[in-house]
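The lines below spell out each chain.
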Amino acid sequence: MKSRFRGLVLPLLALLIAAPASAGTAPPVLATIKPVHSLVAAVMAGVGTPELMIGGERSEHTYELKPSDAQKIAQAGVIFWIGPDLETFMTTPVATLGTRAMLVTLETAPGVKRLRARHGGLWQDDGHDHAGSYDPHIWLDPQNAVAMTRAIAGALAKADPANAARYRDNAVKSIAAIEAQERKLAAALKPVRGKPYIVFHDAYHYFEARFGLSPAGAVTIAPGRPVGPRRIAALRQEAESRKALCIFREPQFAPRLVETIEAGTGIRVGVLDPLGADIAPGPGLYATVLARLSQSLIRCLDKHT
Ligand SMILES: [Zn+2]
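Residues numbered from 1 in each chain as written. Predicted model: local features only at pLDDT ≥ 70, side-chain atom pairs only at ≥ 80, totals over all residues.

A.B. asks: What is the right way to look at the overall build of the chain in this model?
C.D. replies: Within the chain one finds 10 helices and 8 strands. Each of the 305 residues in the chain was classed as buried or not, and the buried ones make up 41%. Restricting the contact set of the chain to residue pairs at least 6 apart, pairs at least 24 apart contribute 66%. (Helix = DSSP H or I, 4+ residues; strand = E, 2+ residues; numbered from the N terminus. Buried ≥ 20, exposed ≤ 12 C-beta atoms within 10 Å, placed from the backbone. Contact = placed C-beta atoms within 7 Å.)

In structure tokens:
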């Protein structure tokens, strides 16, 4: 009796070990920033959960790679990132990646519309030449999130064909939800169109273009680099002459700088967060990031009528 079972079990075990990934198992997936992770998590719902690289309150511009990140990169089967203009800390590990991992660059995915980086006036701090380069904050246009979701589902279907139908179904649902939210936000933001404000860094071009908003400039175009007293004086002057109603800080950067600019000008201070620093990572994060941007803008700007 015993030996007959053993005779069956051993070949079965050997078969299991030799078999390729079964239908229920997703490959290890890594996403760099929270909004990308959120779009990927929505497409992977019911199959698996992607790993996140930048959590917490760190900026996408000043991030430095940790040893645990190198390990995550080495273990990943599929890596989703915006591209070399945003996650500059990724360019070295990406260049040395083996052929084992599939790298998906979302800023050049089909259907993603890119805007040129802004410069001139308050969009520029030091005459540094940014001409010709693209603004990498592509995810803040919901239409780009739609294109990114399609690209994510396509890449995952290729990496994990057994779950391809699931990825496609999830993507269809995600896209419908993103487009429904876009219509809601467009209606909600209408009253603040044309009202000037200043952002901390130039992260919201896509959101502003999509919803017809009127930013006057950014405090810094190089987050993480110090802003000098001349720049602060210029910002105060510009803010007054352009009648900016609000100045928005970001949770990734200390509030002191924005407070210095605001002091005595009568400008209101709000918070905008392009990444969702204090929002729990997961499929719902993306919609929450957009909803909060919209709420912060309305709360600060609509008071000034
Ligand atoms: Zn940014």
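A.B. asks: Even after reading the chapter, I still don't get helix H6 (residues 164-189), so can you show me in this structure?
C.D. replies: At 3.6 residues per turn, the α-helix brings residues three or four places apart onto the same side. Helix length check: H6 (26 residues) gives 37 Å between terminal C-alpha atoms against 38 Å at 1.5 Å per residue, within 8%. By the burial criterion, the buried members of H6 are Arg166, Tyr167, Asn170, Ala171, Ser174, Ile178, Leu185 and Leu189. Buried residues in H6 make contact with helix H2 (34-43), helix H5 (142-159), helix H7 (205-211) and helix H10 (285-301). (Expected span 1.5 Å × (residues − 1).)

A.B. asks: Help me understand the sheet that holds strand S1 (residues 29-33) in this model?
C.D. replies: Taken in spatial order, the 4 strands make up an open sheet running S2-S1-S3-S4, and their pairing is parallel. Lying at the two open borders of the sheet, with one neighbouring strand each, are strand S2 (51-54) and strand S4 (102-105). Strand-to-strand, the axes of this sheet are offset by a mean angle of 20 degrees, without reference to chain direction. Bridge count for S1 against strand S3 (residues 78-81) is 3 bridges, and the pairing is parallel. Within S3, the position partnered with Val29 by the bridge is Val78. Contacting S1, S2 and S3, H2 runs over the sheet at an angle of about 145 degrees to S1. (Pairing = 2+ DSSP bridges. Axes fitted to C-alpha atoms, helices over the stretch in contact; angles between N-to-C directions.)

A.B. asks: Would you explain unusual backbone geometry in this entry?
C.D. replies: Trans is the common state for peptide bonds, and a negative phi is the common state for residues other than glycine. You will see that Lys243, though not glycine, has its phi angle at about 55 degrees, which is positive. With respect to the helices and strands, Lys243 occurs in the loop between helix H8 (229-241) and strand S7 (246-249).

A.B. asks: What exactly am I supposed to notice about the sheet that holds strand S5 (residues 197-201) here?
C.D. replies: Strands in a sheet are paired, the pairing made by backbone hydrogen bonds, and the direction either parallel or antiparallel. Read across the open sheet, the 4 strands follow the order S6-S5-S7-S8; overall the sheet is parallel. Each of the sheet's edge strands pairs with one partner strand only, and the pair in question is strand S6 (215-220) and strand S8 (268-271). Strand-to-strand twist of the sheet, defined as the mean angle between neighbouring strand axes without regard to direction, takes the value 30 degrees. Bridging between S7 and S8 involves 4 bridges; their strand directions are parallel. What sits directly across from Ile247, in S8, is Val269. Each of S5, S7 and S8 is contacted by H10, which is oriented at about 170 degrees to S8, the strand it contacts most.

A.B. asks: Explain the packing of H2 against H10 here, please?
C.D. replies: Between two packed helices, both the angle of their axes relative to each other and the distance between the axes serve to describe the pair. At their nearest, the axes of H2 and H10 sit 8 Å apart, and the two run at 135 degrees to each other. Judged on the interaxial angle alone, H10 and H2 are oblique. Two secondary-structure elements touch here, H2 through Lys34, Pro35, Ser38 and Leu39 and H10 through Leu285, Tyr286 and Val289. (Parallel < 35°, antiparallel > 145°, perpendicular 65-115°, else oblique.)

A.B. asks: Please clarify how the environment of Ile79 should be interpreted in this entry.
C.D. replies: Here Ile79 is to be found in strand S3. Ignoring sequence-local partners within four residues, the contact set of Ile79 consists of Leu30, Ile73, Ala101, Leu103 and Val104.

A.B. asks: Can you walk me through the confidence of the model for the chain in this structure?
C.D. replies: Regions with low pLDDT should not have their predicted coordinates read in detail. Model confidence for the chain is summarised by a mean pLDDT of 87, while 87% of its residues fall at 70 or above. Counted against residues more than four places away or in other chains, residues 10-22, with its pLDDT under 50, gives 1 contact. (pLDDT = per-residue confidence, 0-100.)

A.B. asks: Is there a simple way to explain the environment of Ile33 in this structure?
C.D. replies: In this fold, Ile33 is placed in strand S1. A tally of 25 C-beta atoms within 10 Å means that Ile33 is categorised as buried. The spacing of Ile33 and Ile54 is 21 residues in sequence and 5.3 Å in space, taken between C-alpha atoms. The contact partners of Ile33, leaving out residues within four places of it in the chain, are Ile54, Glu60, Ile82 and Leu275.

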